[in-house]
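Listed below, chain by chain, are the residues.
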Amino acid sequence: MPEAAPAPTGSAPTPVNPRSRVLIASLIGTTIEFYDFYIYATAAVLVFPTLFFPSDDPTTALLSSFAVFGAAMVARPIGAMIFGHLGDRLGRKGTLVASLLTMGIATFLIGVLPTYAQIGWVATALLVVMRLAQGFALGGEWSGAALIATENAPKGKRALFGTFPQLGAPLGFIIGNGLFLIIGAVLPSSAGADPSQPSEAFLSWGWRIPFLFSAVMVAIGLWVRMRLVESPVFAKTRDAGLVRKLPLATVFRGHWKQLVLGTFIMLATYVLFYLMTTFSLSFGRTPTDAAVPGLGYSYTTFVLMLIFGVLFFAAFTLISGPLADKYGRRGTLIAVTAGIVVFGLAWVPLIGLGTLGVVLWLVLGFSLMGMTFGPMGALLPELFPTSVRYTGSGISYNVSSILGAAVAPFIAVALWEAGDGSPWLVGVYLSAMGVLTLVALLLGKETKDVALEEGETPAAEDSGEPAPAVSATV
């Protein structure tokens, strides 16, 4: 056989990431980050009101716990700005490693915190600090993972690749809540105790296990991400001298319309997600004879129902990718958001059907969640050019977390009380947020055929001269 022709001399070929490595790295990182976030959300309902926010009024304690839960959402845009600056200036890979480390350390430290009974208000203050660090880290995680997936995607499959970081949300939920479920089974409430409440052993030390276990998951995630090479799309921008000196200033100056549209396009997604996870866990476990009645399920029963619903979340997240690649992001999301509006109005009729209706409510809600969340991994990055993509997509995604996720559980509890235990006002609130998202989608444009390399101009916000290329390592 003739010998293979020698490789052309000159510059070495640009290293590329294998597709399998791209998908695993974008999936495992967001799975870990969302796992860390969800175990806090679960603990915020189960144990933190008792251990860190003691009050004679259970509702006040729960609202205080939710307030700290929401405080992390305020830190997320700050994380998006700082990590976005690093990601757009220095590269995607090193920035993603830094965000994962920050989240992992904060989560582990929550697992070793003393409680209010041990050191008083200092315990609450330390919990707030760790929660803010979690939000700060997640602010930089999502956009970087989405960019790793979409900037390495083959032609015509960006939305499909973009669903893999999104898939981390349902997987993180299942792992986190599954672990809490196992611990709850091993440490059950004593005979005669309220089955919806955790046992003394669970309150004493059992709740700490998921937070400590995070260290193992972070180590695995770091190993995977360290094997990545830089995104070729960013490498071309860097090598062409198009890296921006101040990505944040550039994105606010030249792309503020995309920031606003992206923020409101994500709004219904965030509200739906946190209503179906955090709020529903409180609503489902609250006894039917409480001052503000709930559904009265035991913790184990309702979490199993939630996990069943989240399986549909995962499945429809993957299904949404090919649909968004074929029919477009905008058209797909308009149809799904209209479904969310209708779903919000159907809450009470569904729940009124008994257990079958509650399961159907969860399945429909999580299915719509997958269909709306999946295409966001491609749509938000496609709104911005490479030189500000990390910053722009991250800010849109995380500012929306303040308008949606930060206040959603708090508003939902207030509306639940106003409805005397009926969640009909909560459903109306979801529908109203869906209408706002519909307006944003109608005002926006389709991004399916936008080339990620398009829209670049010399990087000089002030002088008009190209900015010098910078190192891609952090």
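Residue numbers restart at each chain and count upward from 1, following the sequence in its written direction. The predicted nature of this model means local features are confined to residues of pLDDT at least 70 and side-chain atom pairs, given and counted, to a pLDDT of 80 or more, with totals for whole chains, interfaces and linings taken over all residues. With hydrogens and water stripped out, all remaining heavy atoms of the structure feed into the side-chain values.

(A) Expanded view of helix H20 (residues 408-418). For H20, the full list of buried residues reads Ala408, Pro409, Ala412, Val413 and Trp416. For H20, the arc enclosing every buried residue in end-on projection is 130°, short of the 170-degree limit, so these residues lie on one face. Each helix is a run of H or I in the DSSP string that is no shorter than four residues. Each strand is a run of E no shorter than two, and both are numbered from the N terminus. Positioned one or two residues after H20, Asp420 has a phi angle of 55°, which is positive. Note on classification: 1.4 Å probe, protein chains only; a residue is buried when its accessible area is under 20% of the maximum for its type, exposed when over 50%, partly exposed between these limits. This arc corresponds to the set of directions leading from the helix axis out to the C-beta atoms.

(B) Examining unusual backbone geometry more closely. Even without being a glycine, Asp420 presents a positive backbone phi close to 55°. As for its position among the elements, Asp420 is in the loop between H20 and helix H21 (424-443). With relative accessibility at 65%, the residue Asp420 sits in the exposed group.

(C) Structural detail: the nonpolar core. Residues enter a nonpolar core if they are buried and are Ala, Val, Leu, Ile, Met, Phe, Trp, Tyr or Cys, with the set joined through side-chain atoms within 4.5 Å. Counting residues in hydrophobic clusters, the biggest one holds 127 residues, and the most contacted among them are Phe48, Trp207, Leu275, Phe302 and Trp361. Broken down by element, the residue count for this core peaks at 16 residues, all from helix H1 (residues 19-46). Contact between two residues is taken to exist if any of their heavy atoms lie within 4.5 Å; hydrogens are not considered. Setting aside its immediate chain neighbours within four residues, Leu275 contacts Ser280, Trp347, Ala408, Ala412, Val426, Tyr429 and Leu430.

(D) A look at helix H6 (residues 121-150). Taking 1.5 Å as the rise per residue, H6 with 30 residues should run 44 Å; its terminal C-alpha atoms sit 44 Å apart, in good agreement. Summarising burial for H6: 21 of the 30 residues are buried, a large majority. A helix is expected to reach a length of 1.5 Å times the quantity of its residues less one.

(E) Quick look at the pattern of salt bridges. Each salt bridge in this description consists of a side-chain nitrogen of Lys or Arg and a carboxyl oxygen of Asp or Glu lying within 4 Å of one another. Enumeration according to the criterion identifies nine salt bridges in this entry. Arg158 is paired through a salt bridge with Glu382; the nearest N and O atoms lie 2.8 Å apart. Of this pair, Arg158 sits in helix H7 (residues 158-186) while Glu382 sits in helix H18 (residues 376-382); the two residues are 224 residues apart in sequence, bridging distant segments of the chain. On the accessibility criterion, Arg158 (13% relative accessible area) is buried.

(F) Examining a nonpolar patch on the surface more closely. Residues form patches when they are more than 30% accessible in relative terms and have no salt bridge. Like charges link within 9 Å. Nonpolar side chains (Val, Leu, Ile, Met, Phe, Trp, Tyr) link within 5 Å. The Shrake-Rupley method, run with a 1.4 Å probe sphere, supplies the accessible areas, and residue values consider only the shown protein chains as cover. On the surface, a cluster of nonpolar side chains totalling about 480 Å² of accessible area is made up of Leu101, Ile105, Phe108, Leu109, Val112 and Leu212. Considering every element that reaches the nonpolar patch, the biggest residue donor is helix H4 (residues 92-110), with four residues. Its place among the elements puts Ile105 in helix H4.

(G) Summary view of the side chain of Thr286. Within the secondary structure layout, Thr286 lies in the loop between helix H13 (267-285) and helix H14 (299-327). Residue Thr286 is classed as buried on the basis of its relative accessible area of 16%. Filtering out sequence-adjacent residues up to four positions away, Thr286 remains in contact with Val292, Pro293, Gly294, Leu295, Gly296 and Trp416.

(H) Looking closely at the packing of aromatic side chains. Between 30 and 60 degrees the pair is tilted, below 30 it is stacked and above 60 it is edge-to-face, where a pair is any two Phe, Tyr or Trp rings, Trp via its six-membered ring, whose centres lie within 6.5 Å. Applying the stated criterion across every chain, the model contains 26 aromatic pairs. Between the aromatic rings of Phe273 and Tyr274, the centroid separation amounts to 4.8 Å while the plane-to-plane angle is 90°, which identifies the pairing as edge-to-face. Tyr274 carries the same exposure label as Phe273, and that label is buried. Seen in terms of ring centroids, Phe313 and Phe366 are 6.2 Å apart; in terms of plane orientation they differ by 20°. Their pairing is stacked. In this pair, Phe313 sits in helix H14 while Phe366 sits in helix H17 (residues 355-373), placing the two residues 53 residues apart along the sequence. Looking at Phe313, the relative accessible area reads 0%, which means it is buried.

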